[in-house]
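Secondary and tertiary structure notes
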Amino acid sequence: IGGYPKIANVISADYDKLVQKIPGSMIKFKLVDLSIAESAFHEYVTKFWMHFIYKIPGPILVLLGGFSLSWGGLIIRSFEAASIWQILFYRSIFFLWILITFLLLTYRKKTFKKIKEAGLPGLVGGLFLSLSFVAYLYSMSETTVANVVFIISTQTVFLPIIAYFFLKEKIS
């Protein structure tokens, strides 16, 4: 089919910088590897989404979190024939699949390096998250959904207060 050589090309991560230039401005091109261009694009996308999330006010995020958690009881109670351990197994498999996908999309080739860098704090956090999964499902089977959802929804209110006293973080 053929084609022609491209003398200069702007990588995707630099499109924003290019379109903000004033007509007649000097533009300097630099030779970059494809892997560097992909890494720059990935960093740009990650920064864009995090910038978007940081602009959402905290109370809105808390409400979205509570709304998302409130569906758990309905879903868990709809599996009448399944035991707690079956639900826990499939929930853990699904969570692991989503987590690995997120990490691979975020860190790409550095995913396993980032997991290893998490070290002991990451392992302890994972164990507590696993324990919370078990406790959540057990509580759903032993009490009403309303009680569980109320307790889980209020934890987002108490978390900043606890962080203020133990981690000396400001509440914003």
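Let me sum up the structure you'll find in this document. (Residues numbered from 1 in each chain as written. Predicted model: local features only at pLDDT ≥ 70, side-chain atom pairs only at ≥ 80, totals over all residues. Heavy atoms only, no water.)

Taken together, the side chains of F48, W49, M50, F52, I53, Y54, I60, L61, L63 and L64 make up a nonpolar region of the molecular surface, amounting to roughly 1,000 Å² of accessible area. Among the elements of the structure, α2 (34-54) and α3 (58-69) are those that each provide at least two residues to the nonpolar patch. Tallying contributions element by element places α2 first for the nonpolar patch, with 6 residues. Residue position: M50 is located in helix α2. When its relative accessible area of 36% is taken as the criterion, M50 is described as partly exposed. (Patch = residues over 30% accessible without salt bridge, like charges linked within 9 Å, V, L, I, M, F, W, Y side chains within 5 Å. Areas by Shrake-Rupley, 256 points an atom, 1.4 Å probe, with all protein chains shown as cover. Salt bridge = Lys/Arg side-chain N within 4 Å of Asp/Glu carboxyl O. Helix = DSSP H or I, 4+ residues; strand = E, 2+ residues; numbered from the N terminus. Buried < 20%, exposed > 50% of the residue type's maximum accessible area, 1.4 Å probe, protein only.)

Within the fold, T111 resides in helix α6 (residues 111-142). For T111, a relative accessible area of 1% puts it in the buried group. Here the side chain of T111 touches L103 through a polar contact of 3.2 Å, landing on its backbone oxygen. When near neighbours in sequence (up to four residues on either side) are disregarded, T111 contacts L103 and L104. (Polar contact = N/O pair within 3.5 Å; in protein donor to acceptor, adjacent residues only side chain to side chain. Contact = heavy atoms within 4.5 Å.)

Right, let's get into the packing of helix α5 (residues 84-107) against α6. Packing of α5 against α6 leaves a shortest axis separation of 11 Å and a crossing angle of 150°. It follows that α5 is roughly antiparallel to α6 by the angle criterion. Between α5 and α6 lies a crossing of right-handed hand. Facing α5, whose interface residues are I84, W85, I87, L88, R91, S92, F95, L103, L104 and Y107, α6 presents T111, K114, I115, L129, F133, V134, Y136, L137, Y138 and S141. (Axes fitted to C-alpha atoms, helices over the stretch in contact; angles between N-to-C directions. Parallel < 35°, antiparallel > 145°, perpendicular 65-115°, else oblique. Left-handed = near helix turned anticlockwise from the far one by under 90°.)

Following the criterion strictly, the structure yields 4 aromatic pairs and no others. Measuring from ring centre to ring centre gives 5.2 Å for F89 and Y90, while their planes differ by 75°; the resulting arrangement is edge-to-face. A ring pair is formed by Y164 and F165, whose centres lie 5.3 Å apart and whose planes are at 80°; its orientation type is edge-to-face. Note that R91 overlies the ring of F133, its terminal NZ or CZ placed 4.6 Å from the centroid. (Phe/Tyr/Trp six-rings, centres within 6.5 Å; stacked < 30°, edge-to-face > 60°. Lys NZ or Arg CZ within 6 Å of the ring centre and 35° of its normal.)

Another aspect to go through is the nonpolar core. If you look at soluble globular proteins, the nonpolar side chains tend to sit buried side by side. The biggest cluster of nonpolar side chains holds 9 residues, and these are I76, I87, L88, F133, Y136, L137, M140, V148 and I152. Of all the secondary-structure elements, those providing two or more residues to this core are α5, α6 and α7 (145-166). The dominant element in this core, judged by the number of residues it contributes, is α6, at 4 residues. Those residues in contact with V148 that lie beyond four places of it in its chain are Y136, S139, M140 and T143. (Core = buried A, V, L, I, M, F, W, Y, C linked by side-chain atoms within 4.5 Å.)

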